[in-house]
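# Examination of the molecular architecture
The primary structure of each chain is shown beneath.
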Amino acid sequence: MAEDEYAELVSAGVDSLTIYQEVYNEEVYLEVHPAGPKRDYRYRLDTPERACRAGIRSVNVGALLGLHDWRTEAFFTGLHANYLQNRYTDVEVSISPPRMRPYLGGFPPRVTVTDKNLVQYILAYRLFMPRGGITISTRESPELREHLIQLGATKMSAGSCTAVGGRTGAENSTGQFDISDERDVAAMTRVIYNHGYQPVFKDWQMI
């Protein structure tokens, strides 16, 4: 969207934007986006900043791990998040480290990203940006997600639906990828408490 379109959403009450570059390597990006509105690499890259200028409260960026060398993608994700945090100091900036999961069509990951790789990435980011948020999605297994609670994760999804229009009651809608952790919000709340942490559902107040 254009900056004025994000401003319209903000005025309507939208407070957060999650948008992934998917892959920061421009050659790979153009390979996996041969056509369509997402093909413009630079426009996609500048999207979080347009939202920041429009007054969004928080932005979440990331690369889809598995499309290119994960260390390079982690490095550029960190640089992107750090740039946004330094330039827009009133915006809460977070990253997500999603790994490719099975989905309809079966496009295989080009690079394997192990649990150990993922943990290394998360710890490096936590040291690099102590104030930055880290979102762990339901792509990851329940066991791994529970371990990541204690390694700096600040947000965890629950009861996710990956189908386009899946919350609208649309029938025959196929998910964009398979969910690994299918626990609902109540179950995740208990898990977080059991690990000695307090789940927070809202940490801001719009004036």
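To start, this report covers the structure provided alongside it. Because the structure is a prediction, the values reported are computed rather than measured.

### Description of the packing of helix 5 (residues 70-87) against helix 6 (residues 115-128)
As a packed pair, helix 5 and helix 6 sit with axes 11 Å apart at the nearest point and diverge in direction by 25°. Judged by the inter-axis angle, helix 5 sits roughly parallel to helix 6. Where helix 5 crosses over helix 6, the two elements pack in a sense that is right-handed. Counted together, Trp70, Arg71, Ala74, Thr77, Gly78, Ala81 and Asn82 of helix 5 and Asn117, Gln120, Tyr121, Tyr125 and Phe128 of helix 6 form the full contact between these two elements. Split by residue class, the contact of helix 5 with helix 6 holds 6 nonpolar, 5 polar and 1 charged.

### Side note on the pattern of salt bridges
A full pass over the atoms with the stated rule returns 14 salt bridges. Arg53 is the salt-bridge partner of Glu3, the closest N and O atoms lying 2.8 Å from each other. Note that Glu3 is positioned in helix 1 (residues 3-11) and Arg53 in helix 4 (residues 47-53), a separation of 50 residues in sequence. In this structure, Glu146 and Arg183 form a salt bridge, with 2.7 Å as the shortest nitrogen-oxygen distance. Of the two residues, Glu146 is situated in helix 7 (residues 142-148) and Arg183 in the loop between strand 5 (155-156) and helix 8 (185-194); the sequence distance between them amounts to 37 residues. The network of salt bridges with common partners includes Asp15, Arg57, Glu92 and Lys155.

### Section: the side chain of Gln21
Along the chain, the position of Gln21 falls in the loop between strand 1 (16-18) and helix 2 (26-32). Engagement of the side chain of Gln21 in a polar contact is seen with the backbone oxygen of Tyr41, the distance being 3.5 Å. Beyond its immediate chain neighbours, meaning those up to four positions away, Gln21 contacts Tyr29, Tyr41, Arg44, Leu45 and Gly62.

### Topic: the sheet that holds strand 1
With respect to topology, 5 strands assemble into an open sheet ordered 1-2-3-4-5, the strand pairing being parallel. Of all strands in the sheet, those with a lone pairing partner are strand 1 and strand 5, marking the two edges. Both strand 4 (residues 133-136) and strand 5 contribute to a ladder of 2 bridges, which runs parallel. By the bridge assignment, Ile136 is partnered in strand 5 with Met156. Helix 5 rests against strand 2 (58-62) and strand 3 (92-96) of the sheet, and its axis sits at about 160° to strand 2.

### Concerning the environment of Ala158
Positionally, Ala158 belongs in the loop between strand 5 and helix 8. Residue class for Ala158 comes out partly exposed when judged on its relative accessible area of 22%. Measuring from C-alpha to C-alpha, the distance between Ala158 and Thr189 comes to 9.2 Å, with 31 residues separating the pair along the chain. Each residue touching Ala158, except ones within four places of it in the same chain, is listed here: Thr138, Arg183, Asp184, Val185 and Met188.

### Brief notes about the environment of Tyr20
For Tyr20, the location among the structural elements is in the loop between strand 1 and helix 2. Note on Tyr20: relative accessible area 23%, which makes it partly exposed. Counting along the chain gives 44 residues from Tyr20 to Leu64, while the straight-line C-alpha distance between them is 7.4 Å. Ignoring any residue separated from it by four or fewer positions in sequence, one finds Tyr20 in contact with Arg44, Asn60, Val61, Gly62, Ser96 and Pro98. Of the polar contacts made by the side chain of Tyr20, one reaches the side chain of Ser96; its length is 3.3 Å.

### Let's talk about the pairing of strand 3
Most of strand 3 is tucked away: 4 of the 5 residues are buried. One ladder, built from 5 bridges, connects strand 2 with strand 3; its direction is parallel. Bridging from a neighbouring strand, Gly62 pairs with Ser96 of strand 3. On the question of chirality, the crossover connecting strand 2 to the parallel strand 3 by way of helix 5 is right-handed. Taken together, the 2 bridges between strand 3 and strand 4 define a ladder with parallel strand orientation. Each residue of the ladder has a partner; that of Ile95, found in strand 4, is Ile134.

Parameters at a glance
- Residues numbered from 1 in each chain as written.
- Predicted model: local features only at pLDDT ≥ 70, side-chain atom pairs only at ≥ 80, totals over all residues.
- Heavy atoms only, no water.
- Axes fitted to C-alpha atoms, helices over the stretch in contact; angles between N-to-C directions.
- Helix = DSSP H or I, 4+ residues; strand = E, 2+ residues; numbered from the N terminus.
- Parallel < 35°, antiparallel > 145°, perpendicular 65-115°, else oblique.
- Left-handed = near helix turned anticlockwise from the far one by under 90°.
- Contact = heavy atoms within 4.5 Å.
- Nonpolar A, V, L, I, M, F, W, Y, C, P; charged D, E, K, R; others polar.
- Salt bridge = Lys/Arg side-chain N within 4 Å of Asp/Glu carboxyl O.
- Polar contact = N/O pair within 3.5 Å; in protein donor to acceptor, adjacent residues only side chain to side chain.
- Pairing = 2+ DSSP bridges.
- Buried < 20%, exposed > 50% of the residue type's maximum accessible area, 1.4 Å probe, protein only.
- Right-handed = clockwise from strand over helix to strand, strands pointing away.

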